[in-house]
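In case you want the letters, here they are:
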Amino acid sequence: MSRRVSYKFRLYVAGDTQNSAQAVANLSALCKAHLVDRHEIEVVDVFRQPKRGLADGILMTPTLVKLVPSPTRTIIGTLSQTQPVLQALGLETVVA
Amino acid sequence: MMNSNEPSSLSPSKAPTGIEGFDEITNGGLPQGRTTLLEGGPGSGKTIFALQFLMHGARHCKESGIFVAFEETSKRIMSNAEGFGWKLEELQPKKLFFVDAQPTPDLIQSGSFDLSGMLAALEAQTKEMRARRIVFDALDIVLALLPDAAAQRREIYRLHGWLLERELTAIITAKADGDDASSLNQQQFGFMQFMVDCAVVLNHGVVQGVSQRNLRVQKYRGSTFDEHESPFLIGKGGFEVAGARTLGRVDAKVINERVTSGVKRLDTMLGGGYYRGASVLITGFPGTAKTTLCGTFAEAACKRGERTMFVSFDSDFAEVMRNLASVGIRLDSYVKSGRLRIISVRTITGNAETYLLRIKTYGKEHGARCLVIDPVSTLSSSASELTAHGVAERLIDWSKSNGMTLVCTSLVDEMSNRSSGVSPLQISTLADTWIHLNYLAQAGERNRGLSIIKSRGTAHSNQVRELILSDSGVTMSDTYTAGGEVLMGTLRWQKESAERSATEAAEVAGKLNLVKLNAEEAVLEVRVKSLQTELMAKQVEKTLLARTKQSRERELSRGRTRMRELRGADAAIPGLKVSKQ
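Scope of this entry: the structure provided in the associated data block.

Some remarks on a nonpolar patch on the surface
Then, number 1: A grouping of A:V24, A:I41 and A:V43 is seen on the molecular surface, where their side chains present a nonpolar patch of about 200 Å² in accessible area.
Then, number 2: Within the secondary structure layout, A:V43 lies in strand β2 (residues 39-45).

Right, here's the structure in full:
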């Protein structure tokens, strides 16, 4: 069942600053490993769309928001520690 | 206040906060275009301070502002601020903009992150509304998310740099550990204190069971400021800081006008009454008619048509009125017409600072020209002596600078201070006129004695007078000094009546004497009359005597002639001879 669930992410980044670039890389690696063909990533650059970040209440960059499946989850940071991220996204059991 | 917020004293590089008292302490407000750190424990009023700063900027300084709320939601902040009557809704979103930036509780953190995203967003917002002021409320919340001190430091730098570059006047609020804000041990705050241009510490503590809020400017680059702790209050209109003690004080105008104390003879004793704008202290033991003297003053002020405020700390409104009515002081009509405002405050609630600020607020609201505080010594029971003294000092200062005539009473504890009339607050040194009421126990009775201990600038009597209360009013009477002792009450009456009877006796004696003299006079007059009569008789007798002598002489001479004739003398006289024949 869970294998078929498609994931929808929104990643807020601050241009191509180091943290943001790292987050983008980490997220795509994660998706490649666990969510092949069942993910969608929207990248919002708050430098280019500052009003959007404000409207969405984004404090820190990078911020990853898991929109689907519910519940919504927010993870801040470069996503470099894989285990907690997977746990937060509900992907851990799948791996195990 | 008249002595503050003069435009000339405002430095151009300061952003006024609109917080009464604070702008005085800092000589104009927060550093313009710089960052201020506002620290304080929970519930110390950081958010209100910051919000008021933005509100004032938006409403009065044409400086729009952004409020970044890390802790409370903007909705809650708005509803909390509703009571202050700031009408924040009107200002939103063009002049005041709230950014809800509360981290979600289930926020997961993985790897490092920074604030650049938020700053980019704020940048856009700042440009759009041309914001000049910004508040980061509870920055500590965000900092806590950062993994280590180095990251925290980095983000604070980032934020500070961004603020400086935009020349925004900013307040960053942060929680301090516990009540004592000076015990900030968290590394990031210590670091922040060094970085910012101005640091303000809010303190909320309990001193001897009395809640006490204090504000202290810890540092202020490039400006003078009052370094002491200043008590503050979160009142009806927001944040109010008790004014600076020395800064910005303008000498009150000296007025030579006199106002009556309401007791005729007391006015005479003072050489015409109290000075307008003076502060009068009435001290005395319980029951020496301190309140009554306040009442006469208030009544007289109302009679002149002056707006008056009567603050009673001990008794209820109705009680004060009743008690005063019993000695013929009727205030009810003035209360009804609104000329007199009576405020009764129970000592249990609030502290000295709160009282002072409330008195100020009410006094301003009422437009009072005369102010009565009964008793002012209450302040000492609701605060440490030092604070209370400061409060009393500022009370006098304030009333003076507003040209208000202040009459306050102070209770002297008979047990502890029998001999000297020392006022616990030492207002006596500040007050212009000090009247002391005393009991004189003598011959089994207590009588009220009034003396003027000092009265600046007025010739005043050095005599103790007896104060007499009756249902027709308050009068004073001379006392008798007999053998170095002052006589009052019955003794005075006895002395008076003795004197009265002595006078009467003297009068009667005088009258008697007069009658006697009259009688003597009459007798003499009679004697004079009889003597006169006698004199007249003698005179008549004398005339008669003279006449008799004449006629006898004539008779004699005639007789001689006749004899000559009869002798036929030759030398007869033909005429005579013929006629005789």
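Things to note about the pattern of salt bridges
All names here are of chain B.
Then, number 1: Summed over the entire model, instances satisfying the criterion amount to 26 salt bridges over all chains.
Then, number 2: E90 is the salt-bridge partner of R59, the closest N and O atoms lying 3.4 Å from each other. Within this pair, whereas R59 is found in helix α2 (residues 46-60), its partner E90 is found in helix α4 (residues 88-91), the two being separated by 31 residues in sequence.
Then, number 3: The partly exposed category is assigned to R59, whose relative accessible area is 32%.
Then, number 4: Judged by its relative accessible area of 54%, E90 falls in the exposed class.
Then, number 5: Between E155 and R158 there is a salt bridge, with the nearest N and O atoms lying 2.8 Å from each other. With E155 and R158 both in helix α7 (residues 149-166), this residue pair falls three residues apart, about one helical turn.
Then, number 6: Look at E155 and you get buried, because its relative accessible area is 1%.
Then, number 7: Since its relative accessible area comes to 30%, R158 is described here as partly exposed.

Regarding the interface of chain B and chain A
Then, number 1: Counting from both sides, the interface comprises 28 residues of chain B and, opposite them, 25 residues of chain A.
Then, number 2: Both faces combined, the contact of chain B with chain A buries some 2100 Å², and carbon together with sulfur accounts for 61% of it.
Then, number 3: Where chain B touches chain A, the interface holds one salt bridge.
Then, number 4: We note a salt bridge from A:K51 to B:E128, for which the minimum N-O separation is 3.0 Å.
Then, number 5: Summed over the shared surface of chain B and chain A, the number is 14 residue pairs in polar contact (both at pLDDT 80 or more).
Then, number 6: Elements with a contribution of two residues or more to the side of chain B that touches chain A: β5 (96-100), β6 (108-109) and α5 (116-129) of chain B.
Then, number 7: When the residues that make up the side of chain B that touches chain A are grouped by side-chain class, the tally is 16 nonpolar, eight polar and four charged.
Then, number 8: Looking at chain direction, strand β4 (residues 73-76) of chain A and β6(B) are connected through two bridges and run parallel. Bridge pairing links A:I75 to B:I108 in β6(B).

A word on the sheet that holds β4(A)
Then, number 1: Sheet architecture is open: five strands sit in the order β2(A)-β1(A)-β3(A)-β4(A)-β6(B), paired in mixed fashion. The open sheet has two edge strands, β2 of chain A together with β6 of chain B, and neither has a second partner.
Then, number 2: Where strand β1 (residues 7-13) of chain A lies against β2(A), seven bridges are found, and the strand directions are parallel. Bridged to A:V13 within β2(A) is A:D45.
Then, number 3: The strands that helix α1 (residues 18-34) of chain A touches are β1, β2 and β3 (63-68) of chain A; relative to β1(A), the one it contacts most, it runs at about 165 degrees.
Then, number 4: Helix α3 (residues 82-89) of chain A contacts β1, β3 and β4 of chain A together with β6 of chain B of the sheet and is inclined by roughly 165 degrees relative to β4(A).

Examining the nonpolar core
Then, number 1: Counting 41 residues, the largest nonpolar core has B:V68, B:F70, B:L122, B:I134 and B:F136 as the members making the most contacts within it.
Then, number 2: The set of elements that each furnish at least two residues to this core consists of β4 (64-69), β5, α5, β7 (131-137), α6 (139-143), α7, β8 (169-175) and α8 (187-195) of chain B.
Then, number 3: Residues within four places of B:L122 in sequence aside, it is in contact with A:L54, B:I66, B:V68, B:V99, B:I134, B:F136 and B:W162.
Then, number 4: Ranked by size, the runner-up nonpolar core spans 36 residues in total, among them B:L51, B:I77, B:C198 and B:V200.

Some words on the packing of α5(B) against α7(B)
Residues and elements named next belong to chain B.
Then, number 1: Closest axis-to-axis distance for the α5/α7 pair is 11 Å, and the angle between their directions is 15 degrees. Considering their axes alone, α5 and α7 lie roughly parallel with respect to each other. Considering how the two elements wind past one another, α5 and α7 form a crossing that is right-handed. Between α5 and α7, the contacting residues are S116, L119, L122, E123 and T126 on the first element and R158, L159, W162 and R166 on the second.
Then, number 2: For the contact of α5 with α7, a count of residues per class yields four nonpolar, two polar and three charged.

Comments concerning α1(A)
Residue and element names in this part refer to chain A.
Then, number 1: Between its first and last C-alpha atoms α1 spans 24 Å; for 17 residues at 1.5 Å apiece the expected length is 24 Å, and the two agree.
Then, number 2: Within the span of α1, buried status applies to N19, S20, A23, L27, L30 and C31. Take α1 and look down its axis: the buried residues cluster within an arc of 100 degrees, on one side only. Facing away from the buried side of α1 by over 90 degrees, the exposed positions are Q18, K32 and A33.
Then, number 3: For α1, the secondary structure elements touched by its buried residues are β1, β2, β3 and α3.

Notes on the environment of B:G41
Then, number 1: Mapping B:G41 onto the fold places it in the loop between β3 (35-40) and α2.
Then, number 2: For B:G41, a relative accessible area of 5% puts it in the buried group.

What about the pairing of β3(B)?
Residue and element names in this part refer to chain B.
Then, number 1: By the criterion of burial, β3 is predominantly enclosed, with six of the six residues buried.
Then, number 2: On β3, burial covers both faces: T35, L37 and E39 on one face and T36, L38 and G40 on the other are all buried.
Then, number 3: Taken together, the six bridges between β3 and β8 define a ladder with parallel strand orientation. For T35, the partnering residue across the bridge sits in β8 and is A170.

Points about unusual backbone geometry
Then, number 1: Note the cis peptide between A:V68 and A:P69, where omega equals -5 degrees.
Then, number 2: As for its placement among the helices and strands, A:P69 is situated in the loop between β3 and β4.
Then, number 3: Within the chain, B:A138 stands out as a residue other than glycine whose phi angle is a positive 65 degrees.
Then, number 4: Since its relative accessible area comes to 3%, B:A138 is described here as buried.

Scoring rules and cut-offs
Residues numbered from 1 in each chain as written. Chains lettered and ligands numbered in written order. Predicted model: local features only at pLDDT ≥ 70, side-chain atom pairs only at ≥ 80, totals over all residues. Heavy atoms only, no water. Patch = residues over 30% accessible without salt bridge, like charges linked within 9 Å, V, L, I, M, F, W, Y side chains within 5 Å. Areas by Shrake-Rupley, 256 points an atom, 1.4 Å probe, with all protein chains shown as cover. Salt bridge = Lys/Arg side-chain N within 4 Å of Asp/Glu carboxyl O. Helix = DSSP H or I, 4+ residues; strand = E, 2+ residues; numbered from the N terminus. Buried < 20%, exposed > 50% of the residue type's maximum accessible area, 1.4 Å probe, protein only. Contact = heavy atoms within 4.5 Å. Buried area = accessible area lost by both parts, 1.4 Å probe. Polar contact = N/O pair within 3.5 Å; in protein donor to acceptor, adjacent residues only side chain to side chain. Nonpolar A, V, L, I, M, F, W, Y, C, P; charged D, E, K, R; others polar. Pairing = 2+ DSSP bridges. Axes fitted to C-alpha atoms, helices over the stretch in contact; angles between N-to-C directions. Core = buried A, V, L, I, M, F, W, Y, C linked by side-chain atoms within 4.5 Å. Parallel < 35°, antiparallel > 145°, perpendicular 65-115°, else oblique. Left-handed = near helix turned anticlockwise from the far one by under 90°. Expected span 1.5 Å × (residues − 1). Arc of directions from axis to C-beta.

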